[in-house]
Amino acid sequence: MTEILKNYLGGEWTAGKGAGTPLVDPVTGDEVARVSSDGLDLDRGFAFARDAGGAALRARSYAERAALLAEVAKALTAKKDDYYAIALANSGTTKGDSAVDIEGALFTLSFYAKLGADLGDARHLLDGDGVSLNKDGSFRSQHVLTPTRGLALFINAFNFPAWGLWEKAAPALLSGVPVVVKPATATAWLTQRMVADVVAAGILPPGALSVVCGSAAGLLDRVGAFDVVSFTGSAETASKLRGHAAFTERAARINVEADSLNSAILADEAPEAFDAFVTEVVREMTVKSGQKCTAIRRAFVPAARFEAAREALAAKLAKITVGNPRNEAVRMGSLVNRAQHDAVTRGLATLARETEVLFDGSKVALVDADPARSACLPPTLLGLTKGGGDAVHSVEVFGPVATLIPYDGDVAALARKGGGSLVASLYGADEAKLGELALSLADTHGRVHVVTPAVAKAHTGHGNVMPQSLHGGPGRAGGGEELGGLRALGFYHRRTAVQSAAGVMAAAAKDGAR
Ligand code: NAP
């Protein structure tokens, strides 16, 4: 039996009770570690985070907290090799795919460290200017944002054990709010190790950062009115969480990032647009084996370009070698575990009822991986060639799978059939037309990514979440909002209108950051 990873809660390391749940190497099927959260003193742990961690963080200014983030980024950078080794062993990802998670985490931390430094010595934010409430202007209203007097609980998905922690923790800690993270069990090791390294480096005040690995049982029962919960995962789990008394009775705040049927749209005839579209669809299907919440699931092409797109996509997909990422010839590694492998296979069967298989990667043997034991699954491109289509707009297959969909007419209406998505990307050369399409998609998408020939090489990628831009989407994508620069701090602050004579808020207005 492998080691049980310890939990860090209440300022101490504790192993959960029992045999724990095994974490596996998805390529070999070997056990790599175990986790258990059984028997933890959650009441004490949560109180310690709120009281000790929260008070110590709130006593510091934004710039001081930003300096802590910079130190965290430095400490993690020094241990990067360990993180790549863990990602390889526990997520079965190639070095390039592990980088999306690990380097993405470090980049986001450093971004918030810089952003926070500019907020200076302030301990609260001003929300707009003060406004007069009466005729002579003697009585005014000033909106202020102060850090919530609770903790931030993160319940995270398996696909981003590094970035998923730090893209949330950076704005929370910068805001002055302590963090308790519950990583997805399958890949909890990397999150746990990063927390362990930060704790060992002694950077953050006690109680500022805690990790609970294993079952989430009992966590939401401890969430109080001033705590905030940020959930990333499936729509199914999200709907269970939303009904918890933490939110329905105690009115704690919850942010949800869930499934999404993201689109790529070839919008016009420009040849460069076609090439960029094909490159991006293949990249999104294969990076992290398609296990990205932002990955392209639906690729829309004008009906007249369907055959050309099918050929170009199939030709590129045929070059993707799949298997054990320890072999340098491998371009795409594994899914996270056999359960995910089986879920993707089931999802493919559902989509197959209304689509045709345009490319089937499973005809080529896996490299250094046993198809019966590993969770490696080659890419599949489907085509909606029989018209109609229902499942393609509603079933998220969380793996290397996308559907090519021909359109004639209102493509925005088709994209909206996804019920609200994280991202849609548009490919074309007609800037005015693209601008119009981007705006028409804005009401149902968190991000619209437009690729014109001028930025074909310079754009940041359909699926890459940049901390400067909003991440999240309406409707089935969960209705959440993350990142977007300083906008991310809003979730961790309370907005209050202080109504008073101007003098009462004079100092606060002078010292507050904007
Ligand atoms: P999941 O099965 O919903 O699990 C997500 C998290 O919720 C895990 O930490 C899980 O813990 C926990 N959980 C499960 N049941 C719970 C319950 N009853 N109460 C409290 N917590 C509970 O999702 P996943 O399979 O890890 O992730 C894949 C999904 O996440 C995909 O649908 C993907 O689209 C979505 N995703 C979205 C984003 C985004 O930003 N929008 C990013 C990444 C992924 P255990 O692991 O211990 O069960």
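Residues numbered from 1 in each chain as written. Predicted model: local features only at pLDDT ≥ 70, side-chain atom pairs only at ≥ 80, totals over all residues. Heavy atoms only, no water.

On to the site of the ligand. The full set close to the ligand counts 25 residues, and Asn-156, Thr-185, Ser-234, Thr-237 and Glu-396 are the nearest of them. Between Asp-259 and the ligand, the recorded distance is 3.0 Å, taken from a side-chain N or O atom to an oxygen atom. Coverage of the ligand by the protein amounts to 80% of the 910 Å² it exposes when considered alone. At the level of elements, β11 (228-232) and α7 (235-242) are the ones that each hand at least two residues to the shell around the ligand. A breakdown of the residues in the shell around the ligand according to their chemical character gives twelve nonpolar, nine polar and four charged. When residues of the shell around the ligand are sorted by domain, at least three fall in each of domain 1 (42-258 + 480-513) and domain 2 (262-467). (Near = heavy atom within 4 Å. Polar contact = N/O pair within 3.5 Å; in protein donor to acceptor, adjacent residues only side chain to side chain. Areas by Shrake-Rupley, 256 points an atom, 1.4 Å probe, with all protein chains shown as cover. Helix = DSSP H or I, 4+ residues; strand = E, 2+ residues; numbered from the N terminus. Nonpolar A, V, L, I, M, F, W, Y, C, P; charged D, E, K, R; others polar. Domains from an automatic or database assignment.)

We now examine the packing of helix α9 (residues 271-286) against helix α10 (residues 306-317). Where α9 contacts α10, the axes come no closer than 10 Å and their chain directions differ by 45°. By the angle class used here, α9 and α10 are oblique. The hand of the α9/α10 crossing is right-handed. Contacts between α9 and α10 involve Phe-274, Val-278, Thr-279, Val-281, Val-282, Met-285 and Thr-286 from the first element and Ala-308, Ala-309, Ala-312, Leu-313, Lys-316 and Leu-317 from the second. Taken together, the residues of the contact of α9 with α10 sort by class into ten nonpolar, two polar and one charged. (Axes fitted to C-alpha atoms, helices over the stretch in contact; angles between N-to-C directions. Parallel < 35°, antiparallel > 145°, perpendicular 65-115°, else oblique. Left-handed = near helix turned anticlockwise from the far one by under 90°. Contact = heavy atoms within 4.5 Å.)

Next up on the list: the domain arrangement of the chain. One can read the domain layout of the chain as domain 1 (42-258 + 480-513) and domain 2 (262-467). Relative to domain 2, the C-alpha centre of domain 1 lies at a distance of 31 Å. On the domain 2 side, the residues contacting the 25 residues of domain 1 number 24 residues. Looking only at domain 1, the three residues that lose the most surface to domain 2 are Asp-97, Phe-158 and Asn-159, adding up to 28% of its buried area. Across the contact surface, domain 1 and domain 2 share zero salt bridges. Scanning the region where domain 1 abuts domain 2 turns up six residue pairs in polar contact (both at pLDDT 80 or more). Of all the secondary-structure elements, those providing two or more residues to the side of domain 1 that touches domain 2 are α3 (80-91) and α4 (95-117). (Buried area = accessible area lost by both parts, 1.4 Å probe. Salt bridge = Lys/Arg side-chain N within 4 Å of Asp/Glu carboxyl O.)

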